[in-house]
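# A look at the structure
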Amino acid sequence: MRLEGARMDLIKKIWTARKLILVVMIPLSLLPLPLIHPCSESSCAYVLIVTAVYWVSEAVPLGAAALVPAFLYPLFGVLKSSEVASEYFKDTTLLLMGVICLAASIEKWNLHKRIALRMVMIAGAKPGMLVLGFMCCTVFLSMWLSNTSTTAMVMPIAEAVLQQLICTGIADSLEDSLTVDTQDEESDKEENQESSKNHLELLDRKHNEKHHVCMLSEELNGLTLKPGFGPDFCKESNGYLPEAPISIPAPPKKPKIRRDSQYPTNRDHMICKCLSLSITYAATIGGLITITGTSTNLIFSEQFNNRYPEAKVINFGTWFIFSLPIALIMLMLTWIWLHFLFLGCNFRETCSLSKKRKTRREILSEKRIHEEYQKLGPISYPEVVTGIFFVLMTVLWFTREPGFVPGWTSLFEKKGYRTDATVSVLLGFLLFLIPARKPWPSALSSENKGDDDDEEEEDPLAPMITWKDFQRLMPWEIVILVGGGYALAAGCKVSGLSMWIGRQLEPMSGLPPWAVTLLACLLVSAVTEFASNPATLTVFLPILSALSETLHINPLHTLIPATMCVSFGVMLPVGNPPNAIVFSYGHVQISDMVKAGFGVNLIGVLVVMLAIMTWGEPLFHLSEFPTWALMPNVTGSL
């Protein structure tokens, strides 16, 4: 027994220190690789494997693991320290910083809440339409904000609506039970009154009809009564019993409060599950639409442009044109799947916009949404400025290099100097300068000044956002993680590891391009369920690039689908932060996420494959192997 106890204690200690053991043992166990084969390829492979294991296992924070190439590459002679350092701050970092400035302004002035509530008000409170309304507003916000920020913003609004739904359901159940109890009490009183009157009549007849009453009492004692007749009724009978027993029908059953749950009915629980999961899935779908929607899109864009500098095919416009139909198709199919899974197939009942079909609970839910919207008050000056900047940034991104017509960059003499990051940083910088108060006085605004305007009165030139607002939202861990991915890609390119990996993958040359892409999508979407999305993509991008070059497939044919499928880590709470946020509210269990997420994952892979084989082919010229894809091979051989 003591030995078993000691073993259990040892196992517990090892399990507690498993991350520390992994951090120490992985580099030591792989150290023979660069020592036995002292070449740049093996040294780069050692750094790549160590970093990838740290990322996948999350033994150390993602940002800290991304710093491993910063000291291992110079130690093994793969890259100079200055060369590695330059990889950690790229053009996409500036793009992200500009977008975060706009996101900080949107959140500070509650523009996101106004957009979400307005779209839900348009959709209505029917369960199906409510879910669709929240999904649409989440997709729209996630196009410009990070998936995590969008989920964190929208989920409290959805939770308020769900709590109103639950409270209304409990009130309805209590009201129904009180109504039934009152009706029972009234009927008992009437029966008692009638029986007392009849009892007096029996007393008057007692002396004249003793024999009849005795016979009647014998009949009563031997009578079998139905459930509708109570014992009091038997004792105080009126003496006029029917020849055949009569059963009184019970009142119709009302939905009672579930004692084992916080939800009034099982249907309410299903609505809570459906709405909660729809928000995290919609945030993922919305992030696919724009280059800045997710960090994985930024990682792909920067690594692709670094590896293929001659390829001028990926920009905000081309990505948007390709991914918008994917998002719209996925939005509808995901909504149908969630509706079928949690709400059933009666779309007419849950999606009707007719006012006659609305229940009391739906009317109260709509009232709650309207009350939340009324609390925001009229649209403010900072919200107008933020909306203008939002539209202006989008227009400038689209018109920079549309492709079919000359963009505004053609007005400048030198070409290739201005990117999407230039626009985002310029507009983000202006948000630090523009005052948050109107430059002209307003009588209405001066009358409505309250305690919240004290700080603005002290500083009338207070800007739209401050550095604290920006710093609170800026994901520096993602910036370092992206930089670590760039450093790994640069090391693979300089050391020749990419070419070596490509040569090992030559046996796959007999597969058609669509089969290679499908295998890549399935592999990436499976791995990302257990590892972070940015880390998974950073590991797979160099491998898929080398595979495409070896098989003479357009690299975009595999890289774009893999980039999109890496976002479909929706089956577990650890898959991505939005899943964890939704799971923390307690409406869904892991089994619900696995069941619903498997369908969403399958939908995503099929829609992406459809897109890359239809409208993606003429958009990116995927049917031919481009000349710019040969550039890395030439560079690597020098």
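Being a predicted model, the structure only gives us computed values, none of them experimental.

## Details of the overall build of the chain
If you tally the helices and strands in the chain, you get 32 helices and zero strands. Within the chain, the proportion of its 638 residues that are buried is 46%. Intrachain contacts of the chain at a sequence separation of at least 6 include 79% that bridge at least 24 residues. Working note: accessible area of the chain is about 32800 Å², and carbon and sulfur atoms make up 64% of it.

## Re the side chain of Ser 495
Within the secondary structure, Ser 495 sits in helix H24 (residues 476–495). Of the residues examined, Ser 495 reaches a relative accessible area of 5% and is grouped as buried. From its side chain, Ser 495 meets the backbone oxygen of Gly 491 in a polar contact 2.7 Å long. Non-local contacts of Ser 495, meaning those with residues more than four positions away in its chain, are made with Ser 40, Glu 41, Cys 44 and Val 78.

## Comments concerning the packing of aromatic side chains
The final tally for this structure, using the stated rule, is 13 aromatic pairs. Geometrically, the ring pair formed by Phe 304 and Trp 628 is edge-to-face, given 5.5 Å between the ring centres and 80° between the ring planes. Within this pair, whereas Phe 304 is found in helix H15 (residues 295–307), its partner Trp 628 is found in the loop between helix H31 (616–620) and helix H32 (631–637), the two being separated by 324 residues in sequence. Accessibility expressed as a relative area gives 2% for Phe 304, which makes it buried.

## Considering the packing of H15 against helix H28 (residues 555–565)
The angle between the axes and the distance between the axes are what describe a pair of packed helices. Where H15 contacts H28, the axes come no closer than 10 Å and their chain directions differ by 160°. As summarised for this structure, H15 and H28 are arranged roughly antiparallel, according to the angle between their axes. Handedness of the crossing formed by H15 with H28: right-handed. Every residue of H28 that contacts H15 at Thr 296, Asn 297, Phe 300 and Phe 304 is listed here: Leu 556, Leu 559, Ile 560 and Thr 563. Its residues placed into classes, the contact of H15 with H28 shows five nonpolar, three polar and no charged.

## Let's talk about the environment of Pro 61
Among the structural elements, Pro 61 can be located in the loop between helix H4 (40–57) and helix H5 (62–65). Counting along the chain gives 420 residues from Pro 61 to Leu 481, while the straight-line C-alpha distance between them is 9.9 Å.

## Remarks on the nonpolar core
Among the nonpolar cores identified, the biggest contains 125 residues, and Phe 134, Phe 300, Phe 304 and Leu 556 are the most heavily contacted of them. Here this core gets twelve residues from one element, more than from any other, and that element is helix H16 (residues 316–343). Once residues lying within four places of it in the same chain are set aside, the contact partners of Leu 556 are Phe 300, Phe 304, Val 313, Ile 314, Pro 561, Ile 612, Phe 620, Leu 622 and Trp 628. With 30 residues, the next largest nonpolar core counts Tyr 46, Ala 52, Leu 72 and Leu 481 among its residues.

## A look at the confidence of the model for the chain
Mean pLDDT for the chain: 75, with 75% of residues reaching 70 or above. The low-confidence segment residues 174–187 (pLDDT under 50) makes six contacts with residues lying over four places distant or belonging to another chain. The low-confidence segment residues 443–456, where pLDDT is below 50, has five contacts with residues more than four positions distant or belonging to other chains.

## Re the layout of surface pockets
Size it by volume and the second largest pocket reaches roughly 850 Å³. Taken together, 40 residues line the second largest pocket, and the ones lying closest to its centre are Ser 146, Thr 148, Ser 295, Ile 478 and Pro 577. Elements represented by at least two residues in the lining of the second largest pocket include exactly helix H8 (91–108), helix H11 (147–204), H15, H24, helix H27 (533–551) and helix H29 (577–584). Classifying every residue of the lining of the second largest pocket by side-chain character gives 22 nonpolar, 15 polar and three charged.

## Looking at helix H20 (residues 420–431)
In a regular helix each residue adds 1.5 Å, so twelve residues correspond to 16 Å; H20 covers 17 Å between its end C-alpha atoms and thus fits that length. Listing the buried residues of H20 in full gives Asp 420, Ala 421, Val 423, Ser 424, Leu 427, Gly 428 and Leu 431. For H20, the angular spread of buried residues about the axis comes to 160°, placing them on one side.

## Section: unusual backbone geometry
Even without being glycine, Asn 110 reaches a positive phi, approximately 60°. Its place among the elements puts Asn 110 in the loop between H8 and helix H9 (111–123). Of note, the phi angle at His 621 is positive, near 55°, even though the residue is not glycine. Of note, His 621 is situated in the loop between H31 and H32.

What counts and what doesn't
Residues numbered from 1 in each chain as written. Predicted model: local features only at pLDDT ≥ 70, side-chain atom pairs only at ≥ 80, totals over all residues. Heavy atoms only, no water. Helix = DSSP H or I, 4+ residues; strand = E, 2+ residues; numbered from the N terminus. Buried < 20%, exposed > 50% of the residue type's maximum accessible area, 1.4 Å probe, protein only. Contact = heavy atoms within 4.5 Å. Areas by Shrake-Rupley, 256 points an atom, 1.4 Å probe, with all protein chains shown as cover. Polar contact = N/O pair within 3.5 Å; in protein donor to acceptor, adjacent residues only side chain to side chain. Phe/Tyr/Trp six-rings, centres within 6.5 Å; stacked < 30°, edge-to-face > 60°. Axes fitted to C-alpha atoms, helices over the stretch in contact; angles between N-to-C directions. Parallel < 35°, antiparallel > 145°, perpendicular 65-115°, else oblique. Left-handed = near helix turned anticlockwise from the far one by under 90°. Nonpolar A, V, L, I, M, F, W, Y, C, P; charged D, E, K, R; others polar. Core = buried A, V, L, I, M, F, W, Y, C linked by side-chain atoms within 4.5 Å. pLDDT = per-residue confidence, 0-100. 1 Å grid on protein atoms, 1.4 Å probe; cavity = no way out; pocket = protein on both sides within 12 Å on 5 of 7 lines; lining within 4 Å. Points joined across faces, edges and corners; volume = space filled by probe spheres on them. Expected span 1.5 Å × (residues − 1). Arc of directions from axis to C-beta.

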